[in-house]
Amino acid sequence: MKKLLPFLLTATSIFAFSCKNNENTVNVQEFKYPNINPIVGLASPVNLNTDTSLIYIHDYFPEDVTFDSIASNKNLKTEFSQDSSQVKLTVISNEFPKLSVLKFYLLGTEQDILLKKSEKIKQTFTFNPKGKKYKKVQIKGEMNAWNPNNTNLTFENGIWKTEFETEPGNYQYLIVVDGKEILDPENPEKISNGMGSYNSVMTIGKSNKSKLPRLFTKLTDDNLIYIGFENNIKNYVVLYKNFELKQGDFVTKSDTAIRIIIPGDAKDQKRTFIRVYAANDYGFSNDLFIPLEKGKVLNHAMQLTRTDFEAAALYNVFIDRFFDGDSTNDRPTPDKRILPKANYFGGDIKGITDKIKSGYFQNLGINTIWISPIVKNVEGAYGNNAKPKTKFSAYHGYWPVSFTLIDSHFGTEKEFKELVKTAHENNMNVLLDFVANHVHKEHPFYKQHPEDVTQLHLPDGTLNLERWDDHRLTTWFDTFLPSLDLTKPEVYNMLSDSAVYWIKEYNLDGFRHDATKHIPNIFWQTLTRKLKTEVEIPENRRLYQIGETYGSPELISSYVNSGQLDAQFDFNVYDAFTQAVAGTSSFNHLADVLNTSFKYYGYHNLMGNITGNQDRGRFISYAGGSLKFDEDAKLAGWTRDIETGNPVAYQKSAQLAAFISTIPGVPVIYYGDEIGMPGGNDPDNRRMMKFDGLNLNQDELKSTFSALLSLRRNSLPLIYGDFKFLEVSGDILIYQRSYFDQFFIIAFNKAHQDYKAEVAIDKRFDLIKLNSPSGDGYKKNGNTVKFTIPGNGFVILSNKP
């Protein structure tokens, strides 16, 4: 093999890999792809830009490899960079298909990456000042990562205007006039931002949802898979692992189905996957994700292991507030300026281990624990709260003064190793919260290398504090929390080595990453490459990394790919559900947001679907009216007792549990939400966990969480199934999850009165075994099912035995 030369190399169509040769036709059922997998895991699709796009080679090929050649569609120009670290892709003709693959030939095999043509369109935006004089007008919103500096308007003939490119859809935004944020005065469409104010909403492009192709798993027979589809399909791609299955050999299409032959080598491997994508002139279909077990379609949840993260159910343990297993390390910061609510409560590592041993997580249906940071934090009092006046201890773990030491407030290295060992013995994963963005000013690294942090003062003299959007990669969270300059190789290499240390030393299963969007991509690329080359490849195991980013789906998804993170928390879906069920928004809006998430993250994703988190008021307090959307939830938590409010909040919390347990993605339970713990925002949402003395409503809610998470864990349609909306209105949401011959119908009613629903079930499904896991009644008439959704309730129907 020859190594790519260190100058621009252009590749168009080169040669095709086939399971046929000049003399014989190979039996595709017995054909085996070379058992070489230079791409770790499944290669994420590349969403092309309208002009040029870059692929970083190490994002997909973490080890240094030598390519024989690459191949692509003839309407795509491909160029390697001088150092061969990147491939530049340029669409050179409108004839370029919506779906294609980029083929890499190396080591006697082929590796294929799916390419999706951009659907971005140009949008002109205008603002009429109506005679008012402004020096500067900008727009900030979901289309530009909420950064007004990305979109400046120009003044022409009495009108401010600009032009930008974005995907069709609905976008929240605000106009910024001379630094002041306002709603668009000429647009009546607005929506609550969930923080006491509103955003304007613009619609860009036209919706062609009814004309898009829709794929569904139809049936499987031995080594065959049949994929059904609705509406016309213009082109499609079927991937086995990271190989495109050849149309005409492994894949054939009729007027009603796509037939796939499973390659013979799949039977020699425990877990492989088939992925299917399709498109037509109106856009892209949903994607399909089919797991194989030893060459057969996986047909029972008992075949899943804890590293099948698609079936994960996460529980966020906020360690100091969870359970005190060792009172000898209880050591609140002895400073009277710290009010009790902002000091250590005593939860620790041993307390988590005790709860694993007692079966608390397993009984709840949890198989993955995410633990808040346990790295050594600063001692003393920092920060300021005005009303009431208080400082804070580092009980939360986000003020590190070490990269590798465990904080003695929480336990010891030996105790943490025991925790992980106990979790693994109980078939559970352990994720650790890793803080990469900043350190405390008392951290030895900052004292020794003050030049390796970002600047606190901006060029205009203002403080670079809490500049979450316009200076998101350099902003400091507080004056005592310098942000690391992770653009410097010596810094991002040092910190990524520290992260790898935690995985190796404690046999962890992955990370939750704090403040993801405030950290440059090069750090995530470096860390993920090291984890693959130093852990996943040599130890032959799968890790899971999930990040935290508040922002638009485009920004969030920019960190979710083969070279960076597996997932992020989908705060936008959570906000839309909260606004619909606990607020005054509609299920129509929730469906729009969910569709947007599918568009950016795929219909089969590992995104975290949360019940809440440590930076928000508790859902149940919003749902019960004890906490208001238009108030400062943090101030409310300090100045009055926030409780549940109206008991209907327990029913709404159960709806949230049903929702996150049945949509694509990974359900994530913030500690205490399973019993309906109330609270305002930080630190009131961090009360000590309650295990005993629960009232009837709390007990019932906990049982509902347990039943729903267990149902999901044991139901392949809820893990790998297709998704389809059946009915969406202001108060009613009904959707279907299906996996070959099994289906679930999940229905929600946010109105107070009952709703009589009627849905038509596809005739391919057998209704003989129809049942209701939620215990509700129903009536069948042919392929039509009638049932009543109780007010503020949900119904689940299924033909799964």
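Coordinates for the structure precede this section.
Source: prediction; values computed, not measured.

> Can you walk me through the overall build of the protein in this structure?
Check the secondary structure of the protein and you find 15 helices and 43 strands. A compact globule built from 801 residues would reach a C-alpha radius of gyration of about 28 Å, and the protein, at 27 Å, matches this within 12%. In terms of overall dimensions, the protein has a C-alpha envelope of 85 × 70 × 65 Å along the principal axes. In the protein, buried positions account for 59% of the 801 residues. By sequence separation, contacts in the protein at least 24 residues apart represent 71% of the contacts at least 6 residues apart. Carbon and sulfur atoms provide 49% of the accessible area of the protein, an area that totals close to 32,300 Å². If the 91 positive side-chain charges of the protein are averaged to one point and the 95 negative ones to another, these points end up 3 Å apart.

> Explanation requested: helix 14 (residues 696-713) in the structure shown.
Given 3.6 residues per helical turn, the α-helix brings residues three or four places apart onto the same face. Counted at 1.5 Å a residue, the expected span for helix 14 with its 18 residues is 26 Å, and the 26 Å between its end C-alpha atoms agrees. Residues of helix 14 that are buried include every one of Gln 698, Leu 701, Phe 705, Ser 706, Leu 708, Leu 709, Leu 711, Arg 712 and Arg 713, and no others. The elements touched by buried residues of helix 14 are helix 3 (360-364), helix 13 (648-662), strand 36 (666-670), helix 15 (716-720), strand 39 (742-749) and strand 43 (793-798). Its side-chain oxygen at 3.1 Å from the backbone nitrogen of Asn 697, Asn 695 defines the N-terminal cap of helix 14.

> What is the right way to look at helix 6 (residues 489-506) in this model?
In this model helix 6 runs 26 Å from its N-terminal to its C-terminal C-alpha over 18 residues, within 8% of the 26 Å that 1.5 Å per residue would give. Every buried residue of helix 6 is listed here: Val 491, Tyr 492, Leu 495, Ser 496, Ser 498, Ala 499, Val 500, Trp 502, Ile 503 and Tyr 506. Close packing links the buried residues of helix 6 with helix 4 (413-425), strand 31 (429-434), helix 5 (444-448), strand 32 (510-513) and helix 7 (521-539). At the C-terminal side of helix 6, Asn 507 shows a positive phi close to 55°.

> Can you help me understand the packing of helix 4 against helix 6 in this one?
Between two packed helices, what matters for the description is the angle formed by their axes and the separation of those axes. Two elements in contact, helix 4 and helix 6, have axes separated by 10 Å at closest approach and are oriented at 70°. Comparing the axis directions of helix 4 and helix 6 gives the class roughly perpendicular. In contact with Glu 413, Phe 416, Lys 417 and Val 420 of helix 4, helix 6 contributes Trp 502, Glu 505 and Tyr 506. Counted by class, the contact of helix 4 with helix 6 contains 4 nonpolar, no polar and 3 charged residues.

> How should unusual backbone geometry be read in this particular structure?
Most peptide bonds take the trans form, and the phi angle of most residues other than glycine is negative. Going from Lys 387 to Pro 388, the amide bond is cis rather than trans, its omega being -5°. Among the secondary structure elements, Pro 388 is positioned in the loop between strand 29 (382-385) and strand 30 (390-392). For the peptide bond that leads from Asp 682 to Pro 683, omega is 5°, which places it in the cis range. Tracing the chain through its elements places Pro 683 in the loop between strand 36 and helix 14. Residue Asn 507 is not a glycine yet carries a positive backbone phi of 55°.

> Would you mind going over the sheet that holds strand 11 (residues 154-156) with me for this structure?
Sheet strands pair by backbone hydrogen bonding; their relative direction is either parallel or antiparallel. Reading across the sheet, the 3 strands line up as 9-12-11 and stay open at both edges, with antiparallel pairing between neighbours. At either end of the open sheet lies a strand with only one pairing partner, and these are strand 9 (121-127) and strand 11. Put simply, the sheet's adjacent strands are angled 35° from each other on average, direction ignored. Summarising the sheet, strand 11 and strand 12 (residues 159-166) pair through 3 bridges and their orientation is antiparallel. Bridge pairing links Phe 155 to Trp 160 in strand 12.

> Mind showing me how you'd approach the nonpolar core here?
Nonpolar side chains in soluble globular proteins generally cluster together in the buried interior. The biggest cluster of nonpolar side chains holds 158 residues, and the ones touching the most others in it are Tyr 315, Phe 361, Phe 416, Trp 502 and Phe 659. Listed in part, the 36 residues of the second largest apolar core include Ile 227, Phe 250, Ile 290 and Ala 301.

> Before we go on, may I ask you to explain the environment of Ile 796 in this structure?
Relative to the helices and strands, Ile 796 is located in strand 43. Judged by relative accessible area, Ile 796 falls into the buried class, the value being 1%. Along the chain, Ile 796 and Asn 771 lie 25 residues apart, while their C-alpha atoms are 8.6 Å from each other. In contact with Ile 796, not counting residues within four places along its chain, are Thr 662, Leu 708, Leu 711, Phe 744, Ile 745, Ile 746, Asn 771, Ser 772, Pro 773 and Ser 774.

> Would you take a moment to explain the packing of helix 9 (residues 571-581) against helix 13 for this structure?
At a minimum axis distance of 11 Å, the contact between helix 9 and helix 13 shows a crossing angle of 150°. Pair helix 9 / helix 13 crosses with right-handed handedness. Listed contacts from helix 13 to Val 573, Tyr 574, Phe 577 and Val 581 of helix 9 are Lys 652, Gln 655, Leu 656 and Phe 659. Looking at the contact of helix 9 with helix 13 residue by residue, the class counts come to 6 nonpolar, 1 polar and 1 charged.

> Can you help me understand the pairing of strand 5 (residues 76-80) in this one?
Taken residue by residue, a regular strand's side chains alternate between the two faces of the sheet. By the criterion of burial, strand 5 is predominantly enclosed, with 4 of the 5 residues buried. Relative to strand 6 (residues 86-91), strand 5 runs antiparallel, the two sharing 5 bridges. When the sheet's bridge partners are listed, Thr 78 is paired in strand 6 with Leu 89. Counting the residues between successive antiparallel strands, the hairpin from strand 5 to strand 6 contains 5 residues, one of them, Ser 84, with a positive phi of roughly 60°.

Conventions we followed
Residues numbered from 1 in each chain as written. Predicted model: local features only at pLDDT ≥ 70, side-chain atom pairs only at ≥ 80, totals over all residues. Heavy atoms only, no water. Helix = DSSP H or I, 4+ residues; strand = E, 2+ residues; numbered from the N terminus. Rg over C-alpha atoms; globule rule 2.2 N^0.38 Å. Buried < 20%, exposed > 50% of the residue type's maximum accessible area, 1.4 Å probe, protein only. Contact = heavy atoms within 4.5 Å. Areas by Shrake-Rupley, 256 points an atom, 1.4 Å probe, with all protein chains shown as cover. Lys, Arg positive; Asp, Glu negative; His and termini not counted. Charge placed at Lys NZ, Arg CZ, Asp CG, Glu CD. Expected span 1.5 Å × (residues − 1). Polar contact = N/O pair within 3.5 Å; in protein donor to acceptor, adjacent residues only side chain to side chain. Axes fitted to C-alpha atoms, helices over the stretch in contact; angles between N-to-C directions. Parallel < 35°, antiparallel > 145°, perpendicular 65-115°, else oblique. Nonpolar A, V, L, I, M, F, W, Y, C, P; charged D, E, K, R; others polar. Pairing = 2+ DSSP bridges. Core = buried A, V, L, I, M, F, W, Y, C linked by side-chain atoms within 4.5 Å. Left-handed = near helix turned anticlockwise from the far one by under 90°.

On their own, these measurements won't tell you what the molecule is for.
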